[in-house]
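# Results of the structural survey
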Amino acid sequence: MTATTAHPLLDRARRLAADLLIPEAERVDREGVPASHIEAVKRSGLLGAGAPVAYGGSGAPPDVVRRIAEILAGACCATWFVQTQHHTPVQTLVESELPVRERLLGPLSRGELLSGVAYAHLRSYPRIPVRVRREGAGWRFDGTVPWYTGWGLNDVMLLAGVTDADEALFAFAEARDQPGLRASEPMRLAALTAARTVSLELTGLWLPEESVALRMPYERWAPGDRARTLNAGPAVFGVAEAALSLLDAATAAPITARLADVRRRAYALADDPAPLERVAERLAVRAEAYEVLRTATTAAVVAGGGRSMALTSRAQRLAREALFLLVQGQTAESKAAHLRALAGA
């Protein structure tokens with residue numbers, strides 16, 4: 001057996017999906033991800049899947065980490081989306097040499113704390129939605145974070161902004177209203193309203209130097225972030241697979257074959273040691289993965305007929321989640337490539 005099928009974390013992910021996430025998914029879609037779901041994810045050990053063993057994580061290989069994401073996204077995309085934010089702070093701390101690593105990497109790796117992220121706005125550069133300035137023995141954050149997921153569920157957040165020296169600076173803060181930080185009401189969205197997404201207003205939020213996890217020139221940080229946006233993500237394959245499970249075998253077979261092929265090529269590219277090469281190919285495969293996702297979820301809605309229009313229908317929930325995945329992690333570069341693919345250019 002391969003690591004992807006035999007790893008014990010996959011057994012935990014499948015049990016969590018079958019026993020909790022799938023049976024509750026439509027209710028969660030309407031009412032929101034409950035704290036009890038997050039506690040179950042914490043207990044499962046999945047938050048530390050790729051984290052270092054020395055800090056209480058499992059150190060699982062990338063194929064296992066991706067398969068866990070597929071399982072969770074296909075079971076309940078909102079719960080997956082809340083917990084997937086956590087893995088960026090963990091990886092940031094793994095690569096950090098600053099004191100905050102020793103304070104937080106263990107609790108995050110062991111699932112004692114859940115972290116969110118507030119950094120996608122950095123992709124707006126040279127526009128700077130969040131400005132960071134030195135103030136005393138720490139840093140002052142001012143501006144607006146347009147999207148922050150998991151409000152009320154996360155314990156901490158990894159918050160980013162740009163300094164006057166054009167550095168990307170990332171620091172940890174408690175994920176709660178506090179002086180200098182105020183959250184909006186949760187957004188009502190066409191999909192994943194359940195994930196509790198808000199905007200954050202920063203009016204002089206002060207964080208001490210010891211909360212800083214990363215500080216580097218923006219031009220050094222940006223290429224690594226770009227690499228993360230070029231490939232199709234595991235959630236696309238997980239939601240497509242869940243939709244295909246709603247079809248009869250004859251209808252599902254050709255779509256399943258297409259899904260397996262594009263998944264294989266996408267992950268081969270993700271594992272390529274030169275993440276910023278073959279860019280056109282990466283974006284083309286990403287767009288192709290979205291097309292298979294659209295086909296799979298549309299087929300599930302068609303197969304369900306009029307029942308698919310009910311909010312209790314799994315097919316319509318998966319179709320709306322597919323719409324969300326079309327724009328999740330989107331950049332100007334990936335958007336342009338996707339639109340060209342849709343136009344047949």
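Below you will find a few notes about this structure. (Residues numbered from 1 in each chain as written. Predicted model: local features only at pLDDT ≥ 70, side-chain atom pairs only at ≥ 80, totals over all residues. Heavy atoms only, no water.)

## Some thoughts on the overall build of the protein chain
Secondary structure assignment for the protein chain yields 13 helices and eight strands. The C-alpha radius of gyration computed for the protein chain amounts to 20 Å, which stays within 12% of the reference 20 Å derived for 345 residues, consistent with globular compactness. If one aligns the C-alpha atoms of the protein chain with their principal axes, the spans along those axes are about 65 × 45 × 40 Å. For the protein chain, buried positions account for 53% of its 345 residues. Of the contacts formed within the protein chain by residues at least 6 apart in sequence, a portion of 73% connects residues at least 24 apart. When the accessible surface of the protein chain is summed, it comes to about 15200 Å², and 56% of that surface belongs to carbon and sulfur atoms. Taking the 40 positively charged and 38 negatively charged side chains of the protein chain as two groups, their mean positions are separated by 3 Å. (Helix = DSSP H or I, 4+ residues; strand = E, 2+ residues; numbered from the N terminus. Rg over C-alpha atoms; globule rule 2.2 N^0.38 Å. Buried < 20%, exposed > 50% of the residue type's maximum accessible area, 1.4 Å probe, protein only. Contact = heavy atoms within 4.5 Å. Areas by Shrake-Rupley, 256 points an atom, 1.4 Å probe, with all protein chains shown as cover. Lys, Arg positive; Asp, Glu negative; His and termini not counted. Charge placed at Lys NZ, Arg CZ, Asp CG, Glu CD.)

## Overview of the pairing of strand 7 (residues 197–208)
Of the strand pairs in this sheet, strand 3 (residues 138–149) and strand 7 are connected by ten bridges, and their pairing is antiparallel. When the bridges of strand 7 are listed, phenylalanine 141 appears paired with leucine 205. Relative to strand 7, strand 6 (residues 181–183) is paired through three bridges, and the arrangement is antiparallel. The residue of strand 7 that forms the bridge with leucine 181 is leucine 202. (Pairing = 2+ DSSP bridges.)

## Notes on the environment of glycine 150
Within the secondary structure layout, glycine 150 lies in the loop between strand 3 and strand 4 (156–163). We classify glycine 150 as buried; its relative accessible area is 0%. Through-space distance from the C-alpha of glycine 150 to that of arginine 220 is 29 Å; in sequence the pair is 70 residues apart.

## Quick word on the pattern of salt bridges
As enumerated under the stated definition, the model contains 31 salt bridges in all. Across the pair arginine 264 and aspartate 261 runs a salt bridge, and its minimum N-O distance is 2.8 Å. With arginine 264 and aspartate 261 both in helix 10 (residues 249–270) and three residues apart, this pair spans about one turn of that helix. Owing to a relative accessible area of 31%, aspartate 261 belongs among the partly exposed residues under this scheme. (Salt bridge = Lys/Arg side-chain N within 4 Å of Asp/Glu carboxyl O.)

## Things to note about the pairing of strand 1 (residues 115–118)
Side chains of strand 1 alternate between two faces, with Ser115 and Val117 and Gly116 and Ala118 buried alike. The pairing of strand 1 with strand 4 spans four bridges and is parallel. Bridged to glycine 116 within strand 4 is methionine 157.

## Examining the nonpolar core
Ranked by size, the top nonpolar core spans 65 residues in total, and within it Val33, Ile68, Trp80, Phe237, Leu293 and Leu325 carry the most contacts. Those elements that place two or more of their residues in this core are helix 2 (8–31), helix 3 (35–44), helix 4 (62–75), helix 5 (77–84), helix 9 (234–244), helix 10, helix 11 (279–304) and helix 12 (314–327). Setting aside anything within four residues of it in sequence, one finds valine 33 in contact with Val28, Ile38, Ala78, Thr79, Val82, Leu153, Ala194, Ala195 and Arg196. Among the nonpolar cores identified, the runner-up in size contains 23 residues, and Leu93, Val100, Tyr119 and Leu158 belong to it. (Core = buried A, V, L, I, M, F, W, Y, C linked by side-chain atoms within 4.5 Å.)

## Concerning the packing of helix 4 against helix 9
Interaxial distance between helix 4 and helix 9 falls to 7 Å at its minimum, and their mutual angle equals 45°. In terms of axis orientation, helix 4 runs oblique to helix 9. Classified by chirality, the crossing of helix 9 by helix 4 is right-handed. Residues Arg66, Arg67, Ala69, Glu70, Ala73 and Gly74 of helix 4 form the contact with helix 9, whose own contacting residues are Pro234, Ala235, Phe237, Gly238, Val239, Glu241 and Ala242. Split into classes, the residues belonging to the contact of helix 4 with helix 9 amount to seven nonpolar, two polar and four charged. (Axes fitted to C-alpha atoms, helices over the stretch in contact; angles between N-to-C directions. Parallel < 35°, antiparallel > 145°, perpendicular 65-115°, else oblique. Left-handed = near helix turned anticlockwise from the far one by under 90°. Nonpolar A, V, L, I, M, F, W, Y, C, P; charged D, E, K, R; others polar.)

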